[in-house]
Amino acid sequence: MDEKKGQFKVRDLKSANEGQRRIEWAESRMPVLMALREKYRKTKPLKGYRIAGCLHVTKETAVLVKTFVEAGAQVSWSGCNPLSTQDDVAAALASDGVPIFAWHGMNVQEFYWCIDQTLAMKPNLTLDDGADLIFTIHNKHPELATTSVIGGTEETTTGVHRLRAMAEAGALRYPVIAVNDAETKWDFDNVYGTGQSTLDGILRATSVLLAGKNIVVAGFGHCGRGVAMRAKGLGANVIVTEVKPTAALKATLEGFQVMAMEEAARIGDIFITATGVKDVIVDRHFKVMKDGVIVCNTGHYDVEINIGHLKKLARSVRTVRKDNEEYRMKNGRRIYLLAQGRLVNLAAAEGHPSEVMDMSFANQFMAQLRIVELHKKGQRLENKVHDIAKEQDQEIAKLKLETMGIDIDRLTKEQVRYITDYASGT
Ligand SMILES: NC(=O)c1ccc[n+]([C@@H]2O[C@H](COP(=O)([O-])OP(=O)(O)OC[C@H]3O[C@@H](n4cnc5c(N)ncnc54)[C@H](O)[C@@H]3O)[C@@H](O)[C@H]2O)c1
C-alpha cells in the first residue's frame with residue numbers, strides 16, 4: 001500500500017502510468033464531458049470551492065475529477081464500494097496530486113476511514129453514489145452540514161430513495177440534486193450501461209455461454225430492463241421476477257416470461273438481482289436451485305442475495321476463479337456466487353462503458369455547477385432532494401447527438417402553434 005498522510009492512500013503508485021493511459025482512453029470516448037472541461041477551463045467557475053466525492057474510482061470517474069480540477073475546484077475522493085476501485089486509476093489520480101483514499105478489496109472499516117479522510121478538507125459540496133458520504137456527514141460530522149457544505153449531488157437510485165425519505169422526515173440538512181433521476185442518466189446509464197456491463201462482469205467471472213441459458217432477472221426497472229434486453233440479445237431465455245404489477249406487465253409485453261422467484265429459482269441457470277431491495281434471493285430459493293447455478297447482483301448494495309443464508313446452507317466454500325466462489329451444499333449441489341454479491345459489473349468488470357458515463361457525469365458536473373452559481377448569487381436550494389433542470393437534460397442529449405454526428409428535426413413555428421392550439425379539432 002502507498003500512503004502519504006492526509007494526501008492519499010492507494011494500492012500501488014507504480015501503476016499510475018497504466019491508470020493514466022486508461023483515463024486517456026476514457027477521455028477519448030467522453031466528448032460531452034470533455035467539451036464542458038474545455039468550456040470552463042479558462043473561466044474556472046469552481047475556483048474557491050471544495051468538492052468531496054464518494055463514487056466508484058473508475059477511469060470515467062477520473063475524467064470527471066480532472067474536469068472539476070480544471071474548472072478550478074479542490075477535490076478529495078473515496079470509492080463508494082469496497083470492490084469497485086480500479087487501483088491503477090486511483091494511483092494516477094494520487095500522482096496528479098488529487099487527495100484520494102481508495103483501493104480494491106478494502107474492508108468496511110477502511111471504507112469509512114477513507115470517507116473520513118476526504119472530509120478533512122471541510123467540503124463545500126458533496127458528490128455521492130449511494131449517499132454514504134452524506135450519511136457520514138449527518139451522523140458523524142453534522143457541524144459540516146451547517147458550517148461548510150452548501151449542497152450535494154447523488155448518482156444512484158438507492159441513494160436517491162434514501163435521501164428522499166430523509167428529506168421527508170425533515171432530517172436532510174442541505175440540498176441535494178438527484179442526478180440519477182435525470183432522463184439523460186436514468187434512462188441511459190442504468191439501462192444500457194448496467195445492461196451491457198453486468199453481462200460483461202458475468203462473462204469475465206465465468207466465461208460461460210449465455211445462449212440457451214435460463215437467465216432470471218429480478219427487478220424490471222431501469223437496470224433490470226437493460227440486463228434483460230441484452231441477455232435476450234445474446235440468446236438467453238430471460239425470466240423476470242417483479243413485485244410491481246406495472247413493471248411485471250411491461251416485462252410480459254416485452255416478451256419475457258414473468259413468474260415469482262419461488263418458481264424461477266427451480267429453473268434458472270443464472271440469477272441477476274437488480275432491485276435495490278434486500279433479501280430477493282434467500283434460503284428457500286437456494287434450497288431448490290439446480291446444481292451449478294450462477295448467482296450475482298447488480299443493485300447498489302450486497303444485500304439483494306442473502307449471503308448469510310447461503311453460507312449457512314453450504315458445507316464448503318472455495319474460490320474457483322477470480323470473483324467466483326463455489327458454495328457446495330450439504331447434498332453436493334454447487335452454487336456459484338460472483339463478486340461476493342456486490343455490484344458484479346463494477347467488481348468483476350470495469351463498470352459502465354465510458355460513452356454512457358459521459359452523459360451521467362456531464363449531469364454531475366452541471367448539477368455541482370448549479371449549486372455553486374446559486375451560492376455566488378447568495379441563493380441556496382431548499383434542504384430537499386431536487387431534480388436537475390429539464391433544459392439541462394435536453395442540452396446534454398443534444399450535445400451527445402452532435403458528438404455522434406446525428407442531426408434531428410426541429411419543430412417549426414407552425415407546429416409549435418398547432419400543439420398548443422386548443423381551439424382546433426378534427
Ligand atoms: N450496477 C450498476 O452499476 C448500477 C447502476 C445504476 C443503478 N444501480 C442500482 O441498481 C438498483 C436498481 O436501480 P434501478 O434504477 O433499476 O431502479 P428502479 O426503481 O428503476 O427499478 C427497480 C425495480 O425492482 C423492482 N423490485 C423491487 N423489489 C423487488 C423484489 N423483491 N423482487 C423483484 N423486483 C423487485 C421494483 O418494482 C422496480 O421495478 C439500485 O440499487 C441502483 O442504485 C446499479
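Residues numbered from 1 in each chain as written. Predicted model: local features only at pLDDT ≥ 70, side-chain atom pairs only at ≥ 80, totals over all residues. Heavy atoms only, no water.

Asks: How do you make sense of the site of the ligand when you look at a structure like this?
Replies: Near the ligand there are 28 residues, and of these Thr 156, Thr 157, Thr 158, His 222 and Glu 242 occur at the shortest range. One of the side-chain N or O atoms of Thr 156 is found 2.7 Å from an oxygen atom in the ligand. At 3.2 Å from an oxygen atom of the ligand is found a side-chain nitrogen or oxygen belonging to His 352. When the ligand is considered free in solution it has 860 Å² of accessible area, and contact with the protein chains removes 88% of it. At the level of elements, helix 8 (157–168), helix 10 (189–206), helix 11 (222–233) and helix 16 (344–347) are the ones that each hand at least two residues to the shell around the ligand. (Near = heavy atom within 4 Å. Polar contact = N/O pair within 3.5 Å; in protein donor to acceptor, adjacent residues only side chain to side chain. Areas by Shrake-Rupley, 256 points an atom, 1.4 Å probe, with all protein chains shown as cover. Helix = DSSP H or I, 4+ residues; strand = E, 2+ residues; numbered from the N terminus.)

Asks: Sorry if this is basic, but what is going on with the packing of helix 6 (residues 132–140) against helix 8 here?
Replies: Working note: a packed helix pair is described by the angle between its axes plus the distance between those axes. Orientation of helix 6 relative to helix 8, taken along the N-to-C sense of each, is 30°, at an axis distance of 10 Å. Here Ile 134, Phe 135 and His 138 of helix 6 lie close against helix 8, whose contacting residues are Arg 162, Leu 163 and Met 166. A class-by-class count of the residues in the contact of helix 6 with helix 8 yields 4 nonpolar, 1 polar and 1 charged. (Axes fitted to C-alpha atoms, helices over the stretch in contact; angles between N-to-C directions. Contact = heavy atoms within 4.5 Å. Nonpolar A, V, L, I, M, F, W, Y, C, P; charged D, E, K, R; others polar.)

Asks: Where do I start with the pattern of salt bridges in this structure?
Replies: Summed over all chains, the structure comprises 28 salt bridges. Put simply, Lys 9 and Glu 3 hold a salt bridge, and the shortest N to O gap is 3.8 Å. Under the relative-accessibility criterion, Lys 9 is labelled buried at 19%. Put simply, Arg 334 and Asp 291 hold a salt bridge, and the shortest N to O gap is 2.8 Å. Separated by 43 residues along the polypeptide, Arg 334 in strand 16 (residues 334–338) and Asp 291 in the loop between helix 14 (283–286) and strand 13 (293–297) bring together distant segments of the chain. Among the charged side chains, a salt-bridge network with shared partners connects Arg 22, Lys 59, Glu 60, Asp 88, Asp 200, Arg 204 and Glu 350. (Salt bridge = Lys/Arg side-chain N within 4 Å of Asp/Glu carboxyl O. Buried < 20%, exposed > 50% of the residue type's maximum accessible area, 1.4 Å probe, protein only.)

Asks: How do you make sense of helix 1 (residues 16–27) when you look at a structure like this?
Replies: Over its 12 residues, helix 1 extends 16 Å from the first C-alpha to the last, a length consistent with the 16 Å expected when each residue adds 1.5 Å. For helix 1, the complete set of buried residues consists of Ala 16, Gly 19, Arg 22, Ile 23, Ala 26 and Glu 27. On an axial view of helix 1, the arc spanned by its buried residues comes to 150°, and they lie on one face. Exposed side of helix 1, more than 90 degrees from the buried face: Asn 17, Arg 21 and Trp 25 are the residues found there. Buried-residue contacts for helix 1 involve helix 2 (31–41), helix 3 (59–70), helix 4 (87–95) and helix 17 (354–376). (Expected span 1.5 Å × (residues − 1). Arc of directions from axis to C-beta.)

Asks: Quick question: what am I supposed to make of a nonpolar patch on the surface here?
Replies: On the surface, Leu 411, Val 416, Tyr 418 and Ile 419 cluster together into a nonpolar patch covering about 470 Å² of accessible area. Note that Val 416 resides in helix 19 (residues 413–419). (Patch = residues over 30% accessible without salt bridge, like charges linked within 9 Å, V, L, I, M, F, W, Y side chains within 5 Å.)

Asks: Can you walk me through the sheet that holds strand 9 (residues 214–218) in this structure?
Replies: In a beta sheet, neighbouring strands are held together by backbone hydrogen bonds and run either parallel or antiparallel to one another. In spatial order, the strands read 11-10-9-12-13-16-15-14; together these 8 strands make up an open sheet with mixed pairing. Only two strands of the sheet have a single neighbouring strand rather than two, namely strand 11 (257–258) and strand 14 (314–321). Judged from the 5 bridges that link them, strand 15 (residues 324–329) and strand 16 form a sheet pairing that is antiparallel. Residue pairing for strand 16: Glu 325 is matched across the bridge by Leu 337. Seen against the sheet, helix 11 touches strand 9, strand 10 (237–241) and strand 12 (270–273) and runs at an angle of roughly 170° to strand 9. (Pairing = 2+ DSSP bridges.)

Asks: Would you mind going over the environment of Lys 232 with me for this structure?
Replies: Tracing the chain through its elements places Lys 232 in helix 11. Using a relative accessible area of 42% as the deciding quantity, one classes Lys 232 as partly exposed. Measuring from C-alpha to C-alpha, the distance between Lys 232 and Gly 212 comes to 9.6 Å, with 20 residues separating the pair along the chain. Non-local contacts of Lys 232, meaning those with residues more than four positions away in its chain, are made with Val 238, Glu 254 and Phe 256.

Asks: Can you help me understand unusual backbone geometry in this one?
Replies: Trans is the common state for peptide bonds, and a negative phi is the common state for residues other than glycine. One non-glycine residue, Ala 131, lies in the positive phi region at around 70°. If you trace the backbone, Ala 131 turns up in the loop between strand 6 (125–128) and helix 6. The class for Ala 131 is buried, based on a relative accessible area of 0%. Although it is not a glycine, Asp 279 sits at a positive phi angle of roughly 55°. In this fold, Asp 279 is placed in the loop between strand 12 and helix 14. In this structure Asp 279 comes out as partly exposed when scored by relative accessible area, which is 35%.

Asks: Even after reading the chapter, I still don't get the layout of surface pockets, so can you show me in this structure?
Replies: If a probe as big as a water molecule is rolled over the atoms, it shows which places are left empty. As a volume, the second largest pocket reaches approximately 630 Å³. Along the walls of the second largest pocket sit 24 residues, with Met 359, Ala 397, Lys 400, Leu 401 and Met 404 positioned nearest its centre. Mapped onto the lining of the second largest pocket, the elements with two or more residues apiece are helix 9 (183–186), helix 10, helix 17 and helix 18 (390–403). Ranked by residue count, the leading element in the lining of the second largest pocket is helix 18, at 7 residues. Looking at the lining of the second largest pocket, its residues break down into 10 nonpolar, 4 polar and 10 charged. (1 Å grid on protein atoms, 1.4 Å probe; cavity = no way out; pocket = protein on both sides within 12 Å on 5 of 7 lines; lining within 4 Å. Points joined across faces, edges and corners; volume = space filled by probe spheres on them.)

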